[in-house]
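Residue-level listing of the chains:
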Amino acid sequence: MMRRLVFNIIGMGLLALAFAPGCNPVKCGAGTRERDGRCVPLSVVQGDGGLHCGLGTVLVGDECVPSEDLCGPYTKAVPVFDDGGVPMGFVCEGQGTTEMPTCPDDFGPNGEFCITGQAAYLVDDQGNYMTTLLGDANASPDATWVSIKVYDPIEYAQDPTTAVPLGSGQVDPKTGYFRLVNVSVPGNPFVALALDDLDEQAQNLLAQVGTPYDAKAYQNLEGVSAFVITSDQIQDWTTKIGGDAALAQTGCPAPQGGGDRDLLQCGGWIGIYRKGDQSDPGDLVEGVAPTTGVMATKLDPNTTWYLGIDADGNVVFDDPTQGVVWSDDQGPHEWTGMLGAVLHPHAEVLQYSGSCSPDSLCSGCLWRGIQAGSTEGVILVQYMFPLDCP
């Protein structure tokens with residue numbers, strides 16, 4: 001997990017590295033003095049004649065260094081300095097771990113809670129589905145490039161640019177794990193985890209993707225997944241469903257600056273039907289016809305596409321080949337295939353559910369109605385769970 005928490009240590013006497021070029025004498029900032037070509041803390045004489053270190057630091061030799069408990073698990077303290085080389089605080093940067101991080105035992109005074117989990121590709125470039133973590137075992141611990149934020153999904157759907165995060169952090173670049181602590185309680189009984197590139201000025205490698213979960217005060221969410229879809233996949237999937245013409249049928253408006261529509265610009269909902277519940281998602285369910293509204297109206301087949309993966313590991317939609325999207329060779333069908341997934345671009349925010357197609361593997365499952373939908377610029381990937389499923 002990546003956390004960047006700055007701890008005020010002005011006057012703590014942290015070592016300031018302020019080397020001067022050439023033969024010019026070292027100029028040290030306030031609270032430090034030159035010693036052997038570097039700036040070290042001024043000594044504050046105590047009863048024992050030693051240095052006095054501030055809160056969160058301990059004396060090692062003649063330097064004040066961060067104490068072991070200054071930063072949380074899986075992080076390290078890195079000093080930060082002002083322009084004059086004066087120590088201003090620490091940044092807690094994540095370090096890789098091979099184990100899922102854990103939540104603390106206590107909660108905030110208003111029920112603030114903790115979320116742990118892993119960032120995973122929805123589909124990786126080899127065709128692996130929901131299993132490949134967004135991590136590189138050879139990455140440097142401080143090479144993080146992905147942020148994770150927690151939102152009230154209703155507020156986020158209304159306007160992602162102005163929604164205020166309930167919590168934020170970074171994804172561990174070595175493992176794809178994350179831990180968010182002191183997450184504020186949402187106004188609605190669920191949260192959405194949103195992944196994005198940390199550097200907004202750099203090339204956008206990831207599409208903005210949200211993954212919602214039920215949540216409430218004094219109850220941690222542990223071991224959940226936040227899904228990744230790359231910008232390249234957005235373009236590829238846009239082409240495969242029919243491009244601009246297909247997206248126009250969904251009611252998605254044309255881009256204000258001109259050009260063709262794409263899935264991210266239109267926004268989209270990817271519902272994934274599973275047999276279990278949030279604590280244990282269970283098997284994927286084939287044969288679910290997605291529905292919306294209190295009347296359980298089936299989604300328009302002209303605005304829905306069903307996800308599959310071909311023999312070469314490529315994402316495809318509505319492919320009738322047996323074993324690619326659906327298990328039989330009678331497709332295309334108007335229900336989920338073996339991956340349990342439906343793509344619905346420009347999805348209106350409504351209650352979504354499902355009904356089982358006759359003689360399908362879904363037979364006998366009764367599906368919950370769940371608030372869902374999409375907003376322009378965001379793909380929402382959402383598990384759909386049953387009330388009962390034999």
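Residues numbered from 1 in each chain as written. Predicted model: local features only at pLDDT ≥ 70, side-chain atom pairs only at ≥ 80, totals over all residues. Heavy atoms only, no water.

A. Looking closely at the sheet that holds strand 9 (residues 146-151). Pairing in this open sheet of nine strands is mixed, and the strands run 10-9-12-13-24-15-20-18-19 from one edge to the other. At either margin of the open sheet sits one strand with a lone partner, and together these are strand 10 (167-170) and strand 19 (315-317). Taken over all neighbouring pairs, the strand axes of this sheet differ in orientation by 25° on average, direction set aside. Where strand 13 (residues 209-214) meets strand 24 (residues 379-384), two bridges bridge the pair, whose relative direction is parallel. By the bridge assignment for strand 24, Gly210 is matched with Leu380. The strands that helix 2 (residues 231-241) touches are strand 15 (268-273), strand 18 (305-309), strand 19, strand 20 (341-345) and strand 24; relative to strand 19, the one it contacts most, it runs at about 30°. (Pairing = 2+ DSSP bridges. Helix = DSSP H or I, 4+ residues; strand = E, 2+ residues; numbered from the N terminus. Axes fitted to C-alpha atoms, helices over the stretch in contact; angles between N-to-C directions. Contact = heavy atoms within 4.5 Å.)

B. Inspection of the nonpolar core at higher detail. Core analysis: the biggest nonpolar cluster contains 53 residues, and Ile115, Leu122 and Tyr129 have the highest contact counts within it. When residues of this core are assigned to their parent elements, the largest contribution, five residues, is made by strand 14 (residues 221-228). With 21 residues, the next largest nonpolar core counts Val288, Cys362, Leu380 and Met384 among its residues. (Core = buried A, V, L, I, M, F, W, Y, C linked by side-chain atoms within 4.5 Å. Buried < 20%, exposed > 50% of the residue type's maximum accessible area, 1.4 Å probe, protein only.)

C. Representation of the pairing of strand 15. Extensive coverage of strand 15 is indicated by the burial of six of its six residues. Of the two faces of strand 15, the one lined by Gly268, Ile270 and Ile272 and the one lined by Trp269, Gly271 and Tyr273 are each fully buried. Of the strand pairs in this sheet, strand 15 and strand 24 are connected by six bridges, and their pairing is parallel. Of the residues in strand 24, the one forming a bridge with Gly271 is Gln382.

D. Focus on the pattern of salt bridges. Summed over all chains, the structure comprises three salt bridges. The partner of Arg368 in a salt bridge is Asp214, and the shortest N-O contact between them spans 3.8 Å. Taken as a pair, Arg368 in the loop between strand 22 (366-367) and strand 23 (370-372) and Asp214 in strand 13 lie far apart in primary sequence, 154 residues in all. Residue classification places Asp214 among the partly exposed residues on the basis of a relative accessible area of 36%. In this structure, the salt-bridge partner of Asp244 is Arg261, at a minimum N-O distance of 3.0 Å. Of this pair, Asp244 sits in helix 3 (residues 243-249) while Arg261 is found in the loop between helix 3 and helix 4 (263-266), placing the two residues 17 residues apart along the sequence. Given a relative accessible area of 25%, Asp244 falls into the partly exposed group. (Salt bridge = Lys/Arg side-chain N within 4 Å of Asp/Glu carboxyl O.)

E. Layout of the state of the cysteines. Counted under the stated rule, the structure contains four disulfides. Paired by a disulfide, Cys103 and Cys114 hold their sulfur atoms 2.0 Å apart. Handedness of the Cys103-Cys114 disulfide follows from its S-S torsion of about -80°: it is left-handed. Taken as a pair, Cys103 in the loop between strand 7 (87-94) and strand 8 (113-121) and Cys114 in strand 8 lie far apart in primary sequence, eleven residues in all. Owing to a relative accessible area of 11%, Cys103 belongs among the buried residues under this scheme. The buried category is assigned to Cys114, whose relative accessible area is 2%. Residue Cys356 pairs covalently with Cys362 via a disulfide, S to S 1.9 Å. Note on the Cys356 and Cys362 pair: the S-S dihedral is about -55°, so by sign convention the disulfide is left-handed. Exposure remark for Cys362: the relative accessible area of 0% places this residue in the buried category. (Disulfide = S-S within 2.5 Å.)

F. Quick look at the packing of aromatic side chains. Going through the model one piece at a time under the given rule, you end up with eight aromatic pairs. With a centroid separation of 6.2 Å and 75° between ring planes, the pair formed by Trp237 and Phe317 is classed as edge-to-face. In this pair, Trp237 sits in helix 2 while Phe317 sits in strand 19, placing the two residues 80 residues apart along the sequence. Accessibility assignment for this pair places Trp237 and Phe317 in one class, buried. Every member of this aromatic cluster is reached through a ring pair, and the members are Phe227, Tyr383 and Phe385. Between the NZ or CZ atom of Arg274 and the centre of the ring of Tyr383, over which it lies, the distance is 5.0 Å. (Phe/Tyr/Trp six-rings, centres within 6.5 Å; stacked < 30°, edge-to-face > 60°. Lys NZ or Arg CZ within 6 Å of the ring centre and 35° of its normal.)

G. Structural view of the layout of surface pockets. In this structure, the second largest pocket occupies an estimated 430 Å³ of space. Contributing elements (two or more residues each) for the lining of the second largest pocket: helix 1 (153-158), strand 12 (190-197), strand 13, strand 23 and strand 24. Here the residues of the lining of the second largest pocket sort into 17 nonpolar, seven polar and two charged. (1 Å grid on protein atoms, 1.4 Å probe; cavity = no way out; pocket = protein on both sides within 12 Å on 5 of 7 lines; lining within 4 Å. Points joined across faces, edges and corners; volume = space filled by probe spheres on them. Nonpolar A, V, L, I, M, F, W, Y, C, P; charged D, E, K, R; others polar.)

H. Structural detail: the pairing of strand 11 (residues 177-183). In terms of burial, strand 11 is largely enclosed, as five of its seven residues are buried. Pairing of strand 8 with strand 11, which is carried by five bridges, proceeds in the antiparallel orientation. Opposite Phe113, over in strand 11, you have Val183 as the bridge partner.

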